[in-house]
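# Tertiary structure, described
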Amino acid sequence: MLFAHRRATVWRAMSFVAAVVAGLILSPIGQPQAVAAPGPSFTNPAVPAPNSADPTLVQFNGNYYYVATTWTSDIVMRRSSTIAGLRSAPEQVVFRSAGDTMWAPHLEQINNRWYLYYSVELAGAPRRTHVLESAGNDPAGPYTYRGILNLMPNNGWAIDGAVLKLNGALYFHFSAFHSDGLQSLYIAPMSNPYTASAFGTRISAPTLAWERQDGAVNEGSFALQRGGRTFLTYSASHCNGPNYKLGMLEYRGGNPLAAASWSKFSNPIFQRNDANGVFGPGHHSFFTSPDGTETWIAYHANSSASQGCGTTRTTRVQKISWNADGTPNLGVPVSTSTVLAGPSGEVNNTRRAHLRNQHSNLCLDDYNFGTAPGAEVRQWTCNDLPVQDWYLTPVGDNYYAIANGHSGLCLDNKDFATAPGSVVQQWTCNGLAVQQWRLTTTNGTTTLVNRHSNLCLDNYNFATAPGSEVRQWTCTGAANQQWIVG
Ligand code: AHR
């Protein structure tokens with residue numbers, strides 16, 4: 001191994017020289033151009049099961065606020081300044097409803113207040129849509145219950161509602177059953193954010209073949225407006241199969257409550273991609289990047305064609321684009337192995353550092369340039385190569401995710417171990433506690449404690465030779481657990 005590593009060292013030295021020379025040649029001012037630190041990239045799912053279906057993701061003042069179906073009485077919210085941090089963001093209960101099996105919460109800002117629309121079943125009554133209003137302009141609440149929206153005759157079933165702001169008026173679009181038995185899209189006028197001033201009228205029924213797979217359904221509608229045009233995107237076919245997908249209506253002028261004012265695009269705009277291992281993508285929301293230049297979609301999907309409407313549906317996030325004709329282009333659902341850069345304008349509080357052990361004077365190192373999950377972490381003579389660049393992203397409570405500049409993988413407590421001597425490896429960044437490290441700095445040296453094992457990052461056996469191991473050990477305060485981070 002040492003021989004291989006030595007060969008790698010020669011390669012590194014040559015690459016380092018090449019990099020500097022290239023920098024001098026390529027950079028117009030003769031100085032090696034600074035390489036921007038990689039933003040907090042992420043892989044999907046952005047939010048893992050179980051509270052991860054039917055997501056609404058809102059970006060407000062540089063933070064993301066995330067709500068999704070919980071199947072309980074609770075509405076829980078995650079907040080993060082980056083998409084990459086969502087996974088490890090704690091779930092905060094923002095409201096406990098009187099009903100159960102809460103579905104599809106929708107978060108909307110109207111006149112400097114935030115509203116949460118969701119459906120629950122109250123004992124013995126049909127599932128209906130309820131509304132909460134925030135006390136101030138903070139999406140995290142606190143919230144006051146504002147009652148049930150009276151959307152269908154006879155207190156009828158109504159779910160998946162969201163607000164459309166059009167021509168200076170508020171409308172509420174939702175899913176309900178028509179007398180012909182089809183679960184369709186409806187729209188109702190609103191006199192204020194928590195009052196429907198009339199029952200809904202149907203504007204779309206699942207009549208096309210791609211809307212009727214595994215069950216004829218139109219639901220989960222979400223308004224997308226750009227360049228004076230209004231699109232109503234929605235989920236079609238039944239969520240209990242892999243053919244759940246997105247379709248789109250466009251408002252063509254006239255009374256928004258009239259079906260004739262809406263036209264349906266004849267083909268779906270987003271659907272399963274077997275090659276990427278994504279099935280039943282749907283029940284989405286759109287949000288803008290913190291700098292407002294990008295539009296992104298959050299949606300749920302399954303990783304197997306045999307999964308359905310349960311808690312296997314996880315939240316995925318990806319950027320969309322726009323066609324020349326002004327319609328949205330959602331592309332295809334990306335695989336869960338695709339590494340995506342975070343939305344532009346995120347407050348990138350990730351910092352790059354070397355971690356040099358106080359006892360060995362060696363640096364934490366992606367051993368032998370590993371790139372596969374499970375790649376080794378060791379100590380090596382300090383150098384300026386990406387294998388010794390570690391990107392620290394705060395995930396809250398003074399914990400950090402620590403990703404390697406060469407592998408893009410995260411420092412990881414292998415196999416959720418807890419015993420002294422447990423192995424430290426690199427693994428696909430997943431935001432779990434095994435990849436969260438609490439940094440405590442005293443007199444210029446730092447200890448790193450794993451959130452799962454509560455053990456310290458340790459220069460194993462007080463070694464001093466390049467290639468020495470790094471493990472986890474009971475925190476002792478000794479020099480072999482002290483690291484100079486910088
Ligand atoms: O996930 C629960 C419900 O199932 C959602 O409200 C609906 O969109 C889907 O059919």
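Model, not experiment: these values are computed from the prediction. (Residues numbered from 1 in each chain as written. Predicted model: local features only at pLDDT ≥ 70, side-chain atom pairs only at ≥ 80, totals over all residues. Heavy atoms only, no water.)

With that out of the way, let us pick up the domain arrangement of the chain. Each domain of the chain was delimited in the assignment, giving domain 1 (2-11 + 350-485) and domain 2 (42-341). Its C-alpha centre places domain 1 at a distance of 41 Å from the equivalent point of domain 2. (Domains from an automatic or database assignment.)

A sheet is described by the order of its strands in space; here three strands give the open sequence β19-β20-β21, paired in antiparallel fashion. Each having just a single partner strand, β19 (279-288) and β21 (314-319) make up the two edges of the open sheet. This sheet shows a mean twist of 30 degrees between the axes of neighbouring strands, independent of strand direction. Here strand β20 (residues 295-302) pairs with β21 via six bridges, running antiparallel. In the strand pairing of β21, Ala-301 is matched with Thr-314. (Pairing = 2+ DSSP bridges. Helix = DSSP H or I, 4+ residues; strand = E, 2+ residues; numbered from the N terminus. Axes fitted to C-alpha atoms, helices over the stretch in contact; angles between N-to-C directions.)

What follows covers the environment of Met-152. Tracing the sequence through the fold places Met-152 in the loop between β9 (143-148) and β10 (159-166). When the C-alpha positions of Met-152 and Thr-201 are compared, they lie 9.0 Å apart, and in sequence the two are 49 residues distant. Apart from residues no more than four positions distant in its own chain, Met-152 is found in contact with Trp-157, Ala-158, Phe-174, Ala-176, Phe-177, Tyr-186 and Phe-199. (Contact = heavy atoms within 4.5 Å.)

With that out of the way, let us pick up the sheet that holds strand β16 (residues 229-236). Judged by pairing direction, the sheet is antiparallel, and its four strands sit side by side in the order β15-β16-β17-β18 without closing on themselves. Only two strands of the sheet have a single partner each, and these edge strands are β15 (218-226) and β18 (262-264). The mean angle between the axes of side-by-side strands here comes to 30 degrees, regardless of whether they run parallel or antiparallel. As judged from the three bridges shared by strand β17 (residues 245-251) and β18, these two strands associate in the antiparallel manner. Among the inter-strand pairings, Tyr-251 is bridged to a residue of β18, identified as Trp-262.

Another point: the packing of aromatic side chains. Enumeration according to the criterion identifies 15 aromatic pairs in this entry. On the basis of an interplanar angle of 50 degrees and a centroid distance of 6.4 Å, the ring pair of Tyr-460 and Trp-473 is categorised as tilted. Of the two residues, Tyr-460 is situated in the loop between β35 (456-459) and β36 (470-473) and Trp-473 in strand β36; the sequence distance between them amounts to 13 residues. Taken together, the ring pairs connect Tyr-115, Tyr-117, Phe-172, Phe-174 and Tyr-186 into an aromatic cluster. Here Arg-127 stacks its cationic end above the ring of Trp-103, 3.5 Å away from the centre of that ring. Sitting above the plane of the Tyr-367 ring, Arg-378 keeps its charged end 4.5 Å from the centroid. (Phe/Tyr/Trp six-rings, centres within 6.5 Å; stacked < 30°, edge-to-face > 60°. Lys NZ or Arg CZ within 6 Å of the ring centre and 35° of its normal.)

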